[in-house]
Each structure stands twice: as C-alpha cells, then as structure tokens.
Amino acid sequence: MHQVDVCIVGAGPAGSTLSHFLHKLNIDHLLIDKSQFPRDKICGDGITVDVLNVLKRIDPSLLEKFSQESEMLPSWGFCFHGPKGQELRYDFKEAGFPVAPFFTSRRMDLDDFLIRELPAGGSGEFWPETELKGLQRLDEGFDALVHRQGEEEKIRCKIIIGAEGEKPVVTRYLGLEHFREKDHLLAAIRIYYKDLQGFDPGNHLEFFFDPHLLPGYFWAFPLSNNEANVGLGMLSTSIAAKKINLKKSFEEIIQRNPHIAPRFEGAVALEKTKGWGLPIMTPKRKIGGDGYALIGDAGGMIEAFTGKGIGPGMMSARIASEHIEKAFAQKNFNFQAYHDHMYRYYRSEIKHTYRLQKSLKHTWILNPVMSLASWSPLTRYAEDRMIRDFLKWV
Ligand SMILES: Cc1cc2nc3c(=O)[nH]c(=O)nc-3n(C[C@H](O)[C@H](O)[C@H](O)COP(=O)(O)OP(=O)(O)OC[C@H]3O[C@@H](n4cnc5c(N)ncnc54)[C@H](O)[C@@H]3O)c2cc1C
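Right, let's walk through the structure included here. Note that this is a predicted model, so its numbers are computed, not measured.

Taken together, the three strands give an open sheet; going across it, the order is β3-β7-β4, and neighbouring strands pair in antiparallel fashion. Because the sheet does not close on itself, it has two edges, and the strands there are β3 (46-47) and β4 (73-75).

Turning next to the packing of aromatic side chains. What the rule picks out here adds up to 27 aromatic pairs. Judged by centre distance (4.9 Å) and plane angle (70°), the rings of Y90 and F92 are edge-to-face. Among the aromatic residues, those joined into a ring-pair cluster are F78, F80, Y90, F92, F97, F102, F207, F209, Y217, W219, F221 and F305. Across from the ring centre of W127, 3.7 Å away, lies the NZ or CZ of R148, which sits over that ring. The residue whose ring lies beneath K167 is W276, and the NZ or CZ to ring-centre distance is 3.5 Å.

Let us now look at the pattern of salt bridges. A side chain with one charge may pair with a side chain of the opposite charge, provided their charged atoms come close. Enumeration according to the criterion identifies 23 salt bridges in this entry. Between E271 and K274 there is a salt bridge, with its nearest N and O atoms 3.1 Å apart. For E271, a relative accessible area of 17% corresponds to the buried category. Here the salt bridges share partners, and the residues they tie into one network are D40, R190, E271 and K274.

Taken together, 36 residues lie near the ligand, and D33, G44, G46, R107 and D297 sit nearest. In this structure, a nitrogen atom belonging to the ligand sits 2.6 Å away from a main-chain N or O atom of G44. At a separation of 2.9 Å, a nitrogen atom of the ligand approaches a polar backbone atom of L132. At the level of elements, α1 (13-24), β9 (130-137), β14 (217-222) and β17 (274-279) are the ones that each hand at least two residues to the shell around the ligand. Residue-level mapping places the shell around the ligand at the junction of two domains, with at least three residues from each of domain 1 (2-41 + 108-180 + 281-350) and domain 2 (64-106 + 182-279 + 358-393).

So, about the side chain of D111. The residue D111 is located in helix α4 (residues 107-116) in this model. A polar side-chain atom of D111 sits 2.8 Å from a polar atom in the side chain of R39. One polar contact links D111 to R107, side chain to side chain, over a distance of 2.8 Å. Once you skip the residues sitting within four places of it in the chain, D111 turns out to touch G12, P13, F37 and R39.

Another point: unusual backbone geometry. In this chain, F37 is followed by P38 through a cis amide linkage whose omega measures -5°. That bond from L214 to P215 is cis: its omega, 10°, falls within 30 degrees of zero. Note on placement: P215 falls in the loop between β13 (205-208) and β14. Of note in this structure, E129 is not a glycine but carries a positive phi near 50°.

By secondary structure assignment, the location of P128 is in the loop between β8 (124-127) and β9. Considering only alpha carbons, one finds P128 and R148, 20 residues apart in sequence, at a separation of 8.0 Å.

With that out of the way, let us pick up helix α7 (residues 246-256). Those residues of α7 that fall on the buried side of the exposure criterion are L246, S249, F250, I253 and I254. The arc enclosing the buried residues of α7, seen along the axis, measures out at 125°, which places them on a common side. Those residues of α7 that are buried lie in contact with β12 (185-194), β14, β15 (227-235) and α6 (236-242). One side-chain oxygen at the N-terminal end of α7 lies 3.0 Å from the backbone nitrogen of K247; it belongs to N245.

Rules and cut-offs
Residues numbered from 1 in each chain as written. Predicted model: local features only at pLDDT ≥ 70, side-chain atom pairs only at ≥ 80, totals over all residues. Heavy atoms only, no water. Pairing = 2+ DSSP bridges. Helix = DSSP H or I, 4+ residues; strand = E, 2+ residues; numbered from the N terminus. Phe/Tyr/Trp six-rings, centres within 6.5 Å; stacked < 30°, edge-to-face > 60°. Lys NZ or Arg CZ within 6 Å of the ring centre and 35° of its normal. Salt bridge = Lys/Arg side-chain N within 4 Å of Asp/Glu carboxyl O. Buried < 20%, exposed > 50% of the residue type's maximum accessible area, 1.4 Å probe, protein only. Near = heavy atom within 4 Å. Polar contact = N/O pair within 3.5 Å; in protein donor to acceptor, adjacent residues only side chain to side chain. Domains from an automatic or database assignment. Contact = heavy atoms within 4.5 Å. Arc of directions from axis to C-beta.

Functional significance is not addressed by these values, which are geometric in nature.
Rendered as structure tokens:
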C-alpha cells in the first residue's frame, strides 16, 4: 500500500497544475492518470490569457519556456463572424498590447509540457498508466484502488481530488450525486486540418455563427505547421430539440456556408471527426465536500459561451491548492469553502456567458447585434471578458 497526503486523479491541465502548486507548497501528493503521456484530448486547443497567468503564478520562467516552445503558436486576436458574414474582429497588437493574449497548442503538446515541467524529486510523484477503479471512505481519508500498469494497488490518502475530466469517476466511486443536466452540457466535435485558408496574419481565433447552427457555433483556430483545429459545438438541449447530428452539420457547413466553404478549398482533413462533452459552470454542481474537491471538467469548470475550460480548470487548481494548504494547517478537510470560493470567483462570468449562450438561439438578436457592433451583448462580451481579462491578467 502506498500512503500519501493528497491523491489527484487525472493529469490534464487541472490535475498537473494542482501538482505544480502542491510542489510549491511542499505538500505530499501523488498525481495519477490512466494514460501514458503524451496523449491527445479532444479540444479546440485555444489557450486563453488566464492560462498564461496561471503559468506565470507557478513560475515566471515556466511561462517563458511555454512561449518559446515551437508548437505553441501566439495568437493576437479573435473574430466573431455573424450569420450574414458580418465581422467583429479585435487585434491586440493593433490596439498596442505588448504581448499576445492567446496561444494555440495541440493538447498532445500542452498537457505533455505541463507534465514534463513538474519538478523532479519534490513533494510529489506522477504515476502514468494508473487508473482509479474504486474508492473507500475511511474514518480519516480514503483508500483508492488503482490499476497501475496492469497490477492492482491501494493508495491511502487524506484528501482525494477529482481532476478526471468530463466523465465522472471520483463522485461515482464516492456514491455522491454528480450533476449532469443537459442544459449545462455542451457537445462538440473536432477535426484537425492541414492547409486551411484565410487566417489573419496575427493567427486570430475565428468563431462563425451559421444561421442554421445557432445557438451553436463553428470555430477555426490556426496551429503551428500550417495546421488548424476546426470544430463545432452546441448546447446539448438544443442538439436534442433540433435533432442535430453534429458530424453531418459540420459536413454541410463546410460545403454550404459562403464564408466558411472557400477556406476549405485544398484543405486536407488529418483525422476523422471526434466528439466530446463540455460540462459548463453552474453553482448547482457541488464541487467540494468532506475530504474531496473537484477541479477542471470534473467540477464542470467550462465557460458557457466559448467552451473555454483550460484556463478555468487551471485556475480551479490554483484556488484548490490554497484550500488544501489551509486544510492541513487547520486540520479541517471539508472543502465547502473551496466550492464557495470558486463560485464567488466566477459569479459574473457564469451569469453573463450563460445568458449569451442562450441568446444565440435568436438570430434576430444576433443579426442587428453583429451589424451595429456597438451595444451588442457580443461586443460587450468581447470587451468585458476577452479584453478586460487580458488587462486583469497581464
Ligand atoms: C471539442 C472541444 C473543444 C474545446 N475547446 C477548448 C478551447 O479551445 N479552449 C479551452 O480552454 N477549452 C476548450 N475545451 C474544454 C477543455 O478541453 C477542457 O475544459 C479541459 O480539457 C479540462 O481539463 P481537465 O484537466 O479538467 O480534464 P482533461 O483534460 O479531460 O483531463 C482528465 C484526465 O483524467 C484522466 N482520467 C480519466 N479517468 C481517469 C481514471 N479513472 N483514473 C485516472 N485517470 C483518469 C484522463 O486520462 C485525462 O488525462 C474544449 C472541449 C471540447 C470537448
């Protein structure tokens, strides 16, 4: 049996970030993941400014290293393309900002980078190919049953952290209710392409609102090596109500939409369509309790409008690390305060982005919005969130 203070289940950006912070705090921990790294994760690969901020908080040299990796492509802006082809484009370089607010990176590279950069010989260890298979609550702490490279093993820990992504494992094994409501779940597909046309020289993140896809949206994000991450996502309730097949809609849009189709001339798909779920933020989901906390997608830390989850996942790890430090100092292992802290932190984000996601149902709102581009909820979103976020974090 292996004994440790904190066991983190899942080594995506949320789990590995928590490990980085626990190393800094010199807290004994074990990070496990069922996969061998590098591994893929279906994602849009858009890295937002909050990710850069968390990297800097771990260590400014980590952010420096990240931005120098050849796979990480700096992106200077974004563009919302309206249903009639209207454009709402913002370029941070033109606006005089000193550094790029976004990057793109295949998750194969980003997640591996975060693991590779974990300190060697510190207060924690990483076990790949180690899958959580069961959890037993003890008077103090837990026994976690894992399969490690084919062998059964037991890990005894005081705190268990669910960082296992969208498919719940920790709450299921603890016998707790796991909030999964279609109204708080997006579904999305991703396809990697080569030689997609029409990207801005500043490598902008491009979002398209096709009239037949609303309230969903289509994205095209440029990657290094002239590749691109392309996909579309929609709220699960709308998919069910409209009986939408995302893969079919994707194929139709790249043939039919006059603002998207020309970009695909000569482009080559590098893989088959792959889909995954995105649990979106809601305080209805309980993310901290007796001896456990959920971070990242396991805690539903995705913003409703853009599907951004890497930054909030890493931020939830940072906040969880503060509560873990307090838990050991005060010998109180209840994580209700972490739950309250997270929803206080994201309160305005939750309110605005969920409302915006819902408003996309109505093309009649989006069309005037995109042409007036002055008072629109979308412009407000761009100014309030994407630009203010940048100013807040840099
Ligand atoms: C199509 C799509 C597009 C997206 N686009 C973006 C985007 O552009 N930008 C953005 O910020 N966010 C985006 N997101 C959201 C983002 O991908 C997630 O929010 C992010 O991956 C969450 O990270 P995580 O560490 O919580 O979980 P994950 O990255 O899912 O990692 C969870 C880890 O847990 C491991 N695991 C699972 N079960 C077990 C087990 N039983 N035992 C041990 N290990 C286990 C898995 O192997 C995995 O490595 C997108 C999501 C989708 C589906």
